[in-house]
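One letter stands for each residue in the lines below.
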Amino acid sequence: MSNGSAAAQTPRRRMAQDAGRLVGKATGPALNVLEEIGNTVTLMGQAFFWLFRRPFRWRQMLQSMEFIGVDSIPVILLVGLFVGAAFSLQTVSAFRMFSADAMVGSTVTLALCRELGPVLAAIMVTARVGSAMATELGSMRITEQIDALHTMAVNPVQYLVTPRIVASIIMVPLLNMVFVVVGVLGAYLVAVGVLGVDKGYFLSNIDWYVDIEDIVQGLVKASVFGLALSSIGCYQGFYAKGGARGVGLATTRAVVQACVSILVLDYFLTDVLFAVQG
Amino acid sequence: MVSLFRKRKVAQVPVRDERFQIQVRGLHKRFGDNEVLRGVDLDIERHQINIIIGGSGQGKSVLLKHLIGLIKPDQGQILVDGMDIVPLKDYQLNEVRRKFGMLFQYAALFDSLTVEENVAFPLVEHTKKSKAEVREIVRAKLDALGLHGTEKRFPSELSGGMRKRVGLARALVLEPDILMYDEPTTGLDPIATKNVDNMIAETAERLGVTSVVISHDMASTFRIGDRIAMLNEGTIVVVGTPAEIMHNDHPVLREFLTTSGVVGHR
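Residues numbered from 1 in each chain as written. Chains lettered and ligands numbered in written order. Predicted model: local features only at pLDDT ≥ 70, side-chain atom pairs only at ≥ 80, totals over all residues.

Glancing now at the overall build of chain B. The number of helices and strands found in chain B is 9 helices and 10 strands. Across its three principal directions, the C-alpha atoms of chain B cover 65 × 50 × 35 Å. Sorting the 266 residues of chain B into buried and exposed places 39% on the buried side. Summarising the internal contacts of chain B: among those between residues at least 6 apart in sequence, 66% fall at separations of at least 24. (Helix = DSSP H or I, 4+ residues; strand = E, 2+ residues; numbered from the N terminus. Buried ≥ 20, exposed ≤ 12 C-beta atoms within 10 Å, placed from the backbone. Contact = placed C-beta atoms within 7 Å.)

Structure follows, in structure tokens:
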């Protein structure tokens, strides 16, 4: 460090230092974000490294799948039903303006398959499960349970992180499918049952316009979102520090980062998948 | 070996001595700007209760975590039974860790598992014993520590002292050579403290294990310690038997002894 010396006093030197500080201030947050992403991806990599090594953690895997998937079904049913219903209400009133209400079924279904299903299912899972991962692993970190695993010669990434990430990759797409099915049901109830859209048009247009690619697109997205939200939740919890407050902050960061990542990833995935599927 | 470019003294490779289970030489560790360990030299004697004392924030826990490879030092050597564990990779360390059992400050029991599952954990992970055998061993360990009938309870339903005993049962279940205790009596009332002391002494005697205890509880230290070392400002400043420690003149040690009431003011 040479600041404080005579050289630092020359105006040019001082200007250079100020400029340097300014650049540092401007790029600091961006660098932090990059560092955080890098660390999360590193943990993800470790999780996959340990996935293919003995012993296989079947029990932990199934427990995680139950917690992430099965236990999320009620909330997914509820949210899916109302999202489908509200979306249907909006589309019917808009499409009626140019007498296109026969298209409501296919429009709602396409939107649910491609966008709303994966994104909203993943966000609901983040709220319920991503936060729980950060809290649980964070508490285990600060109460030294993760160190205890180390001392008992059990790799904590393999024991704690791998099952959660794998279970998320599998379960979020399945929840997405549940979401889409109930969403369409909600839309049907509102459009056909309440607003008097023709039942035959509603259903036959779904059949006509929705292709298998649309469903696949949603499933691919959902599993990428599952990977992202679980890696973020696990990373934040696994490296939590600073007592109860630290766990709280880790949980907040996990939820915010996961939600933002899901929405950002959604755009790029849509772009890529449209290019791939033609 | 003298180098012009190295200001620090190069740690000498210790000569292997069978009396010592763990030998630490020239251990340095810094966290950011905070240099916690500044050249720790320490020998842990086999089959004895070795106690490391020192004030809060002097790096006792950090030192303990180095011994079992949870933290990598910046510099220095840690020889466990003559093998340097510092350069070992994680999976190689796992072999070394099988020699250790560790009781954490707050026991670090897995709160999602019952007492029985906690104690059985190392057995399930590292042995091929049948369920019945595991259950039998776990019950024997729990009974030996006066924890009969707690098998199905969760750690959150136990008192601090009981949790520590469960933690000890878990640390003992694979019959390690070395047992490490991180501040075993912190947060316990005087009677529970005495029980934990007896538990440590009995375990050492009955199983012949090497014990390493981190403590700032001077009364317990003198009650059970065979050898005492004091860590202050990142180095070991005093080592000796309790009698030697009692008559040592190191100023911080004297203050420790007088304020804790182990010896009177002179």
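Here the narrative resumes, following the displayed structure.
In this section: the overall build of chain A. Check the secondary structure of chain A and you find 9 helices and 0 strands. Against the globule reference of 19 Å for 278 residues, chain A gives a C-alpha radius of gyration of 24 Å, more extended than a compact globule. Look at the contacts in chain A between residues 6 or more apart in sequence, and 89% of them connect residues 24 or more apart. (Rg over C-alpha atoms; globule rule 2.2 N^0.38 Å.)

Counting residues in hydrophobic clusters, the biggest one holds 131 residues, and the most contacted among them are A:Ala121, A:Ala122, A:Ala191, B:Ala169 and B:Met180. In terms of residue count, the dominant contributor to this core is helix α6 (residues 156-194) of chain A (19 residues). Setting aside chain neighbours within four positions, we find A:Ala191 in contact with A:Ser88, A:Val92, A:Val104, A:Gly105, A:Val197 and A:Phe202. (Core = buried A, V, L, I, M, F, W, Y, C linked by C-beta atoms within 7 Å.)

Looking now at helix α3 (residues 73-95) of chain A. Residues lying three or four places apart along an α-helix face the same way, a consequence of the helix completing one turn every 3.6 residues. Helix length check: α3(A) (23 residues) gives 32 Å between terminal C-alpha atoms against 33 Å at 1.5 Å per residue, within 8%. As for α3(A), its buried residues are in contact with α4 (104-142) and α6 of chain A. (Expected span 1.5 Å × (residues − 1).)

Take the sheet that holds strand β10 (residues 235-240) of chain B next. Residues and elements named next belong to chain B. Spatially, 6 strands are ordered β6-β7-β8-β3-β9-β10 in an open sheet, and the strand pairing comes out mixed. At either end of the open sheet lies a strand with only one pairing partner, and these are β6 (100-103) and β10. Adjacent strand axes in the sheet meet at a mean angle of 20° when their direction is disregarded. (Pairing = 2+ DSSP bridges. Axes fitted to C-alpha atoms, helices over the stretch in contact; angles between N-to-C directions.)

Bringing the environment of A:Ile142 into the picture now. Residue and element names in this part refer to chain A. Residue position: Ile-142 is located in helix α4. A count of 19 C-beta atoms within 10 Å places Ile-142 in the partly exposed class. With 34 residues separating them in the primary sequence, Ile-142 and Asn-176 have C-alpha atoms 34 Å apart. Residues within four places of Ile-142 in sequence aside, it is in contact with Ala-240, Lys-241, Gly-243, Gly-246 and Val-247.

Now for the pairing of strand β9 (residues 227-232) of chain B. All names here are of chain B. Bridging between strand β3 (residues 49-53) and β9 involves 4 bridges; their strand directions are parallel. The partner of Ile-51 across the bridge, within β9, is Ile-228. In the sheet, β9 pairs with β10 via 5 bridges, with the strands oriented antiparallel. When the sheet's bridge partners are listed, Leu-231 is paired in β10 with Ile-236. Where β9 folds back onto β10 in an antiparallel hairpin, the turn is made up of 2 residues, including Glu-233, whose phi is positive at roughly 50°.

The next point concerns the packing of helix α1 (residues 11-51) of chain A against α6(A). Between two packed helices, both the angle of their axes relative to each other and the distance between the axes serve to describe the pair. Residues and elements named next belong to chain A. Taken N-terminus to C-terminus, the directions of α1 and α6 make an angle of 100°; their axes are 9 Å apart at the nearest point. When the axes of α1 and α6 are compared, the pair comes out roughly perpendicular. Facing α1, whose interface residues are Leu-43, Met-44, Gln-46, Ala-47, Trp-50 and Leu-51, α6 presents Val-157, Gln-158, Val-161, Thr-162, Ile-165 and Val-166. Split into classes, the residues belonging to the contact of α1 with α6 amount to 9 nonpolar, 3 polar and no charged. (Parallel < 35°, antiparallel > 145°, perpendicular 65-115°, else oblique. Nonpolar A, V, L, I, M, F, W, Y, C, P; charged D, E, K, R; others polar.)

Residue and element names in this part refer to chain B. Across the sheet, 4 strands lie side by side as β2-β1-β4-β5; this open sheet has antiparallel pairing. Every interior strand has two partners, whereas the edge strands, β2 (34-45) and β5 (83-84), have only one. Two elements, strand β1 (residues 20-31) and strand β4 (residues 75-80), share 5 bridges in a ladder whose sense is antiparallel. Paired with Ile-22 across the bridge in β4 is Val-80. Contacts between helix α1 (residues 60-67) and the sheet are confined to β1, β2 and β4, with β2 contributing the most and set at about 60° to the helix.

A few words now on the environment of B:Ser211. Residues and elements named next belong to chain B. Structurally, the position occupied by Ser-211 is in strand β8 (residues 210-215). Separated by 165 residues in the primary sequence, Ser-211 and Arg-46 place their C-alpha atoms 8.2 Å from one another. Other than its neighbours up to four places away in sequence, Ser-211 contacts Ile-49, Asn-50, Leu-179, Tyr-181, Ile-200 and Ala-204.

Any functional reading would require information beyond the geometric quantities listed.
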